[in-house]
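Structural overview
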Amino acid sequence: MTVPRTAGAPARPPAPPSLRTSVRDPYPLYRTLRTHYPLVYDEPFGAWLLSRYDDVRAALADPRLVAVPGDEHPAAPEAARLLDRALRGPALAALTAAVERSAHVLARRLAAREDADLVAEFCDWLPTATAVAALGLPYEETARVHHWCRTGLGRSEGGRPELGAFLRPLTARRRAHPGSDLLSVLCTARSDGGPLSDDTVTGLVGTLLDAAGESTARALASFLANLLDHPRQLDVLRVRPDLTPGAWAESLRLDPPLHIVLRRALAPVGAIRAGATVACLLGAAGRDPERFTDPDRYDAFRTDPGPLAHGTGPDALLARLTAEHGLRALLTALPGLRRVPGAPHVPDDLVRRSPRTLRAQT
């Protein structure tokens, strides 16, 4: 990129920007950061900013950079690995069936309507409905579980007693009479020669509820918005559902549900001192022209979208399943699905970049 010059003097880059000064449309700020300040300390924000794709990817994989205190889930690492193994093994079929069934129920409710808000009536509820079905929780508790998913109760030490009290009688019944649901899998799993404690089971359920929270719902909303904004690409997916995983990865690249992932340096990393906070800007990295051709364009069939968001673990798995089965259910129940013309959504900040509403003709 050529830096413009003024007559009689070399051009100077713009002053270092701050994330706190441009939140409604961060993409001009991202371009400035990538071009002039690929590594810069943002004093108002209190963190070093990384904005280029290669740098962000390297930072997310660097063992010297760890999640900031408070972002980790309270479940022990061994317990978290146990949940990951469960989701890859005996409970994966149950989780997949729960997503598929929940998606079709929600989509069919919209079939008799002329139009609907896909955010409020589909995206916001599909992850919760999936968690309830997969865990085998009482259907009448869906609204309560939905509140926990949206407020991050699973991560809250103060909220865990409430979740534990809710699960205690269910856990006791599953230990005595296990079924095929995920809660039964957790209640009958063994670690270090013995069954998991009730507290560990509660922590693992909290992890799944976190995965079914706002981030997954917002990612799904952005995915559907991108496809509805590109009806020809959506028409291809109607007849080629096998291409949906690539379309989902492309949406995560273009519109990640979280634009910023924070890390804390355990040791010096170049100019970054130990103890400093590093902000990995997923929203900037995903649109790096050095990595992607025509980076601001949504292309469901991009050969290598290279997503950085929703990397691994329960969050990634649940988000991918809701995207694939959610889209399939909508296209089955609503074959004429199209977006209602109107003004595009203007996000409020970097935290909520997804559509608040998504009116669609059903």
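Look up: the structure comes first, before these words.
Keep in mind that what you see is a predicted model, and the values were worked out from it rather than measured.

It is worth spelling out the overall build of the chain at this point. Secondary structure summary: the chain contains 15 helices and ten strands in total. Of the contacts formed within the chain by residues at least 6 apart in sequence, a portion of 71% connects residues at least 24 apart.

Attention shifts here to the packing of aromatic side chains. Applying the stated criterion across every chain, the model contains five aromatic pairs. Each ring, one from Tyr27 and one from Tyr30, has its centre 5.6 Å from the other, and the planes form 85°; the classification is edge-to-face. Here the residue Tyr27 and the residue Tyr30 both occupy positions in helix α1 (residues 27-36), the gap between them amounting to three residues, near one helical turn. Tyr27 gets classed as buried once you look at its relative accessible area, which sits at 14%. With 5.4 Å between their ring centres and 85° between their planes, Tyr53 and Phe292 make a pair best called edge-to-face.

Our focus in this paragraph is the nonpolar core. Leu135, Leu137, Leu182, Leu183, Val205 and Leu209 are the most contacted members of the largest nonpolar core, which totals 37 residues. Of all the secondary structure elements, the ones that give two or more residues to this core are α3 (77-88), α4 (92-110), α6 (126-135), α7 (142-151), α8 (160-176), α9 (182-188), α10 (198-211) and α15 (313-333). Take this core: its biggest share by element is six residues, from α10. Phe122, Ala221, Leu252 and Tyr298 belong to the second-largest nonpolar core, a separate cluster that totals 36 residues.

The next point concerns the packing of helix α11 (residues 214-228) against helix α13 (residues 244-254). Contact pair α11 / α13: the axes reach a minimum separation of 9 Å and the direction vectors enclose 110°. With respect to their mutual orientation, α11 and α13 come out roughly perpendicular. Residues Ala219, Leu220, Ser222, Phe223 and Asn226 of α11 touch α13, and the partners they reach there are Thr244, Ala247, Trp248, Ser251, Leu252 and Leu254. Its residues assigned to classes, the contact of α11 with α13 comprises seven nonpolar, four polar and no charged.

Within a sheet, adjacent strands bond to each other through the backbone by hydrogen bonds, running parallel or antiparallel. With mixed pairing, the five strands of this open sheet are ordered in space as β1-β2-β8-β7-β3. Two strands bound the open sheet, and with one partner strand each, they are β1 (39-42) and β3 (65-67). When the angles between neighbouring strand axes are averaged without regard to direction, this sheet yields 40°. Two elements, β3 and strand β7 (residues 260-265), share three bridges in a ladder whose sense is antiparallel. Pairing of Val66 across the sheet is with Arg264, part of β7. Packed onto the sheet, helix α2 (residues 53-61) meets β2 (47-50), β3, β7 and β8 (277-281) and runs at close to 130° relative to β8.

Cut-offs used in this document
Residues numbered from 1 in each chain as written. Predicted model: local features only at pLDDT ≥ 70, side-chain atom pairs only at ≥ 80, totals over all residues. Heavy atoms only, no water. Helix = DSSP H or I, 4+ residues; strand = E, 2+ residues; numbered from the N terminus. Contact = heavy atoms within 4.5 Å. Phe/Tyr/Trp six-rings, centres within 6.5 Å; stacked < 30°, edge-to-face > 60°. Buried < 20%, exposed > 50% of the residue type's maximum accessible area, 1.4 Å probe, protein only. Core = buried A, V, L, I, M, F, W, Y, C linked by side-chain atoms within 4.5 Å. Axes fitted to C-alpha atoms, helices over the stretch in contact; angles between N-to-C directions. Parallel < 35°, antiparallel > 145°, perpendicular 65-115°, else oblique. Nonpolar A, V, L, I, M, F, W, Y, C, P; charged D, E, K, R; others polar. Pairing = 2+ DSSP bridges.

As far as function goes, none of this settles anything; it's purely spatial.
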